[in-house]
Amino acid sequence: MYSKITQLKAKPILISLSVLLFSKTGMASETLPSVLKAYSHTSYYFQQTITGTVLDNNGTPLPGAAVSEVGTDNGVITDFDGKFTLEVKTGSQIEVSYLGFKSLKVEAEDGVLITLEADAANLDEVVLIGYGKKTKKDLTGSVTQLSAEDFKKGVNVSPDNLIQGKVAGVRVVQSSGEPGAGVDVTIRGIGSIRSGSTPLFVVDGVPLSNENVSAPGANFGLGSSTAKNPLNFLNTSDIASITVLKDASAAAIYGARGSNGVVIITTKQGEKGNASITIDSYLSAANVINKIDVLSASEYRNAITEPSYNHGASTDWQDELFRTAITQNHNFSYSKRTDSGNYYASLSYMDQEGIVETSDFERTTARLNAEESFFDNKRLKLKMNLTASQINENGIPNGANAGSDGQVIMHALMANPTRSVFDENGDYTNFNMNAHYNPLYLLDIVEDKTETLRVLGNIEASLRIIDGLEYKFNLGIDRSSSERNSTIYPNLTDRTPLGAYVQNNLDSQSALVEHYLTYNFDIGKNNFEILGGYSYQEFKFSGTSFSTINISPQGEGVSPEYNPGYSGVQAGVSGYAQKNELQSYFSRVNYAFDNRYLLTASIRADGSTRFGKNNKYGYFPSFALGWNIDRENFLQDIEEISQLKLRASWGETGNQEVQNKITQASYSQSASGGYYLYNDYNLINGIVVNRTANPDLKWEVVTQLDLGLDFSLWENKLYGSLDYYNKTTKDAILNIPSEPLSPTTSVWKNIEGEIVNTGIEFTLGSQLVSTEDFNWSLDINGATLANTVKDLPVSELFSGSVAGPGLSGVAANIYKSDYEAGSFFMLKHLGFDEDGVDIFEDLNNDDVINSDDRQIFEGAIPNFTFGINTSLNYKRWDLSLAFIGQTGGYLVNNTNLALNINNLASDRNVLSEFYDAGANTQNTPQLSTLYLEKSDFIRLNNARIGYNFDTETINWLRGFNLYISAQNLFTITNYSGFDPLINSPRSSGGNQSIGIDYTTYPSSKSFMIGATIKL
Amino acid sequence: MNFINKLLQTVFSALLAGSIFSCTDLEEQVIDEVIGGQSSNPESAMAAAYGQLAEGTFTDHGLVFGLQEYPTDECMLPTRGSDWGDGGKWRALTEFTWGTNNAQVSGTWNALNSGITKTLTAIESLEENPDYQNYELFLAEARGLLAFYTYTTLDLFNQAPYRDPFTDNAPLVFLQADTEIDNLIAEVESIIPSLANLGENNTYNGRFTKQAAYALLADMYLNRAVLKDRYNASSNFNFTEVAIDNSGNDMEKVIYYTSLLIDGNFSLESNYFDNFAIDNTNGSEIIFAVAQENDNIRSSDNDFAYMSTGRAQKPTPDNRGTNASNVEPEFYYTWDNNHDDPRFHRYYQYADGTWFMNDGTTTSVPAEDTRPDTGGLWFHFNRGLQVGQQYGPTLDGKGGFNMTADGRIAVSKLFMEKNTTIPMDYTPDLNFDNPLAAVFSQDQINRGVRNFKWEFDPEYGNGSSAVDVPLYRLGGIYVMRAEAYFRNGQVVLALNDVNTLRTSRTREALFNNAPGKAITSLNEEILYNEIGFEMYWEMYRRKQMIRFGTYDKPYTAKPETQPYLRVFAIPQETIDVTDGINQNQGYTE
């Protein structure tokens, strides 16, 4: 699988990478093995020595181009000046090839000057794979690579957002609209019941831990904001490419971390040519994506029967809470590529306001990437990537984990519109009810500040031992430190009325050491690439938390954030420190015969401290075959077919994303588990057993089969891929109830049973128009997904806890054999009777509607997701549009459930739809299909118009581009919530929730204006 | 700078590690916990075994309390408008539709299982430390506590897990009520010599003493017939079966053990509600209790008071109730003509003499008490059953109570907090729209008489309490003996015990401290009602109803039900993961 090609060729990244990987056969060596040369030399009588120069179409010398004598194995590569010397048979032809350029055959003449044309054929593009790279045509796995121009445009805080709608089978769903909020990236469905289906992210060769790096927040009963995206530390402007490894053949080299797919991120390097400075700035204004249709003040006055619920004012609480949020982002970088190396340095600053008052996200990043070569013919290459980022955030008192008292957004939606924000004294109006507060007052009394510093650096060394044989070393450090100060000041609610302050700290660190060898050689038409390596990674994280209560009022004395000891009573100190290690051995063989038949086999042995004594190591094999049919004689003469390839792969990957320590029993002595054992009533600490040991615990195993077809027709007028996959999870790790008399009531176990994801993915692209003045390209990607849980050893598992009063312990998701993961379990709502009373289906006909009448409904997972991307260029204008959409999925609209008709009987606001439907205000809120809605939508995710100024007459200015862009401009959907593309984190019992919308922070739509200046 | 130093250190050490190419053995290093299955500290193991009594097990309204009370005719937790729907798990307990997947049923099973597990661990820990100074006493107590947890589990679930702590690798077995009840009785009788008398060896009523053993034995003998013949369709249990030692019958054993306590060092409280007050520690009636302290260290439960209090009934400006559980009409009306019983209701008198009459005639009370941790004013509601229109303090919107001009707490007519137009009128009748569904619509959330028998402890929020929860107290011992006399044909002696309870309690000064009145005759129905007057909302009702054959009958929000519902289902999640366990009779997945 791959994404659209673009007409912009000779990407800098490709050029630099191709120093390592050059030849027409895609092998990564600088010269052909000398053995073969010697062999070829003995075969001919009339030899001549020719020299020549290879240039690109700008006349710049191309170092590293492969020059070979046609029909032989005789060849060399060009030097730094694009020059070569080759002994050839008199009168023969030479072929020159270079990645990203069309190969060219010319007569072998001394002093020949060869100019290569950039090649639009996408299958020659270099694609990153684990521990290496391949040209697209040599790939056997399902891999999609995006480069900077393919990324999703607009305000994107983190790199995972960049691939939304761009890669078939990859779903990017936000957990909330808060700036910097977490993002669920799922590749090819839900492979795990347990929470933790995030793919492995590898940044410049360093696999990242998926653990949170920002400190958790305190929950003062209003919820703490969702986990922030750990990838926020990366400046999206620094990113050169993102590669998604989807099938097992591609991902198996990452073994126990590959089962949810792998996303390889590379950052920019210096560009060829003169040193350049790039300044990129934008300013955007965002508003809530839409407002929830609750009753207005006048509608409310009409709706109520009880006059005392009319408090006299007219307030649109959503307008009060939401604002037009301004984001500014500035990026400054300079870079250069020399003959022997390159550097790229950048600084960025982003200041994003949230659309909810008082929330914001501020980030500063710096990056330095440098690469240099040493010794003969670049025998040794050293490369360093270093980035640091500082993120300062202000949060609001909300979160999906709010108790039955709800969180700020819900309070704003539920607030009686006839109440005023301020009372006659200018104070916040006190609603004087419990679990029902003035939302703006909540914003005022709570402060939540987080500061997170993260540094990621790695150094790579690559040493050519002999031609074709390279030793590589990679050392990486990832370190972050986060402090969060959460304060609720003394207030007039019944939620912590005397105030409280909590400081949470989180430190995490991982260190990576890798050694590996690659050996590339040809024997005749047989090409081999062999990889063998060792990897060790250690992860540590630790945290502390302390809190005080009964603090001094807001604005009096010293804020506890600056001096926690200034006022209040200490109320608890806790902490933790954990580490885990991964030790791995991996190997891969790529074999190609005549560029027609391709075979890849790999295996990784992964050892993890997380697993039980009896299962320390897991082994993850994969096999893949590729057939470049277009290279076969019978297709050679069919001009319509530019590329045609069949792929098949099978492999196993693992998932080790479980908590540390779960295989080991442990106990602690604690006051909470103790008792007043003697008549002095002193508390004697009791033994608390924290876990039941399971020394047999091992990884989840995902077996995946992939069949793929890549094609390019009519000289790339139409190109694309088609993949079928079957991805089956076995040995799922779950925290399930333990047998009676176990030390704890639940235990982590690998369970029998399977989760099967199957689907078809397609990508279709076309260069519809390509003229000098006008270019128009279009590409479409789509994926189907069918998910089934099979043979669970337990009757069912529940998750997806629904929020709201009267709904404690209600689970919306059910995992049951032969049903889709993310199926829903609830009453079926048939409508309202003449009095507006709910009618539910009485499943067992016992004339009582209760929990026995719940039914299973499928399901949260969309059966089809798609992206449509198009770009037009007319002279200096460019326009690009990106659409995304999905069908066949459902959402439980927990936000609507909280806005149920019953609110009208209790001095709160209600969803207009329920009032209009004539629902009886006495109906009790129950989870039913009344709140189950289709999540189908199509959205204009981004639209952008740019103008590229003519800068040719200005010597110092190389480029000036001005653009305006709109994000989430419109969404066509019947979904009644803020946004159908949402997944609120409402997991319970460690099982993930799917398809619940309990809006903690709505999405936004935004408009931006930006400029890119190149000096 | 520190960060950079650390970073540099890390880089260099990692470089070094890399160059040495050392392999790791992948042994997980746990640095923030002590690893191991159990401790060899028998004192902590004992504390944990006792502590499980309070880990919600006998103190949370939704565990043993919820199973022993919500299905009965004296207590329920209905859905109230937008509150307490919770997926129907509460009303299922009232409607007898809990099935095999009710979260409260499985929560109770797990809590009791934890009690058994922790007690077995304590026994193992003692076995490993035979020289421990309290070895013999603690071992006997642990065995007694194990019997208490096991008996409660057998009563509710008909089966209880067990693994012999004295044998290595002993198999997990499931004890069955009909056979195990005799073993439990024998076990408890055998440990009595090793137990302390209450107060000896630093024991108190929070420990399993000789007296706790007597009470447990009386309880087990009283219910032995039921446990042996659980599903008897006509509730025709043989209460006078020969006791296990062939000396007398079961009822005579009950009389024997209860008499040891009645003739012992306990005495009935003249103020009945003192048994359930914040300062009930060392109460004169309490034989065995779950000790609770409101110390903000060990968690405690205020549920038994908090649950029945209205949301707008505020002991302090920062406290509230949940407007949830209420008594059922069947039980309420048994008090007809007995409203002057001291156990029915008690007015609160403030230090300046003000009575809180709760009828609109008291318009203010002195601001004399404050919540210790906040300093907020503390309003004392009356105790016992609360019926009719309620009055109390209201909030001033500035974090305090509305006050009178002379600095007293103003008392006003209360309205429902979630529906501020509905007066807080606690009606005895519930009148559910669907008589078989315990669901109130929003305009009915006031209904149901509330029970303020348990004192609301406002300190540290609504959830924690210093009220010790009596598991066995002298009043309950009297009713056990009365029932045993009655079933043994000694009706006069039974009547004597009932009247002792009635007349030992006195009313408040408002009624001249008048003692309760004796009754003149006793039949089964009167006895049943009298037991209810003494023991309501104390986790006994389900057992009483089964013994008296009233549990299967239709009453509020439930139809006539099958005998299999006299025990709860083993949770399906346990069946799923456990070999060798069978679901209880009548339950199907």
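Residues numbered from 1 in each chain as written. Chains lettered and ligands numbered in written order. Predicted model: local features only at pLDDT ≥ 70, side-chain atom pairs only at ≥ 80, totals over all residues. Heavy atoms only, no water.

Turning our attention to the sheet that holds strand 30 (residues 666–676) of chain A. Taken in spatial order, the 3 strands make up an open sheet running 31(A)-30(A)-1(B), and their pairing is antiparallel. Of all strands in the sheet, those bounded by a partner on one side alone are strand 31 (683–691) of chain A together with strand 1 (34–35) of chain B. Contacts between helix 2 (residues 42–57) of chain B and the sheet are confined to strand 30 and strand 31 of chain A, with strand 30 of chain A contributing the most and set at about 65° to the helix. (Pairing = 2+ DSSP bridges. Helix = DSSP H or I, 4+ residues; strand = E, 2+ residues; numbered from the N terminus. Contact = heavy atoms within 4.5 Å. Axes fitted to C-alpha atoms, helices over the stretch in contact; angles between N-to-C directions.)

For the rest of this paragraph, the subject is the confidence of the model for chain B. Residue and element names in this part refer to chain B. Confidence in the prediction for chain B averages 93 pLDDT; 95% of positions are at 70 or higher. Every residue in residues 14–21 scores below 50 in pLDDT, and together they form 10 contacts with partners more than four places removed in sequence or on other chains. Overall fold confidence (pTM) sits at 0.87, and the ipTM for the predicted complex is 0.91. (pLDDT = per-residue confidence, 0-100.)

All names here are of chain B. Between helix 12 (residues 474–487) and helix 14 (residues 524–535), the least distance of the axes is 9 Å, while the angle of their chain directions is 170°. Regarding the angle of helix 12 to helix 14, the classification is roughly antiparallel. Touching G475, G476, V479, A482, E483 and F486 of helix 12 are E524, L527, I531, E534 and M535, all from helix 14. Here the contact of helix 12 with helix 14 is built from residues that sort into 6 nonpolar, 2 polar and 3 charged. (Parallel < 35°, antiparallel > 145°, perpendicular 65-115°, else oblique. Nonpolar A, V, L, I, M, F, W, Y, C, P; charged D, E, K, R; others polar.)

On the surface, A:L283, A:I326, A:Y874, A:W877, A:I945, A:I964 and A:I1009 cluster together into a nonpolar patch covering about 670 Å² of accessible area. With respect to the helices and strands, the residue A:W877 is situated in strand 46 (residues 877–887). (Patch = residues over 30% accessible without salt bridge, like charges linked within 9 Å, V, L, I, M, F, W, Y side chains within 5 Å. Areas by Shrake-Rupley, 256 points an atom, 1.4 Å probe, with all protein chains shown as cover. Salt bridge = Lys/Arg side-chain N within 4 Å of Asp/Glu carboxyl O.)

Once that is clear, we can look at the interface of chain B and chain A. Opposite the 112 residues of chain B that make contact, chain A presents 98 residues. Both faces considered, chain B and chain A share a buried interface measuring about 8,500 Å² in area, 55% of it formed by carbon and sulfur atoms. On the surface where chain B and chain A come into contact, there are 1 salt bridge. Linking B:D32 and A:K661 is a salt bridge whose minimum nitrogen-to-oxygen distance equals 2.7 Å. In this assembly, chain B and chain A are joined by 35 residue pairs in polar contact (both at pLDDT 80 or more). The greatest single-element share of the side of chain B that touches chain A, amounting to 9 residues, is contributed by helix 2 of chain B. The pairing of strand 30 of chain A with strand 1 of chain B spans 2 bridges and is classified as antiparallel. Counted as the bridge partner of A:Y667 is B:V34 from strand 1 of chain B. (Buried area = accessible area lost by both parts, 1.4 Å probe. Polar contact = N/O pair within 3.5 Å; in protein donor to acceptor, adjacent residues only side chain to side chain.)

Where side chains of opposite charge bring their charged atoms close, a pairing between them can arise. Following the criterion strictly, the structure yields 68 salt bridges over all chains and no others. Put simply, A:R596 and A:D594 hold a salt bridge, and the shortest N to O gap is 3.0 Å. With a relative accessible area of 17%, A:R596 lands in the buried category. Judged by relative accessible area, A:D594 falls into the partly exposed class, the value being 25%. A single network of salt bridges, built from pairs that share partners, joins B:E285, B:D341, B:R343, B:K453, B:R473, B:R502, B:R505, B:E530, B:E534 and B:E538. (Buried < 20%, exposed > 50% of the residue type's maximum accessible area, 1.4 Å probe, protein only.)

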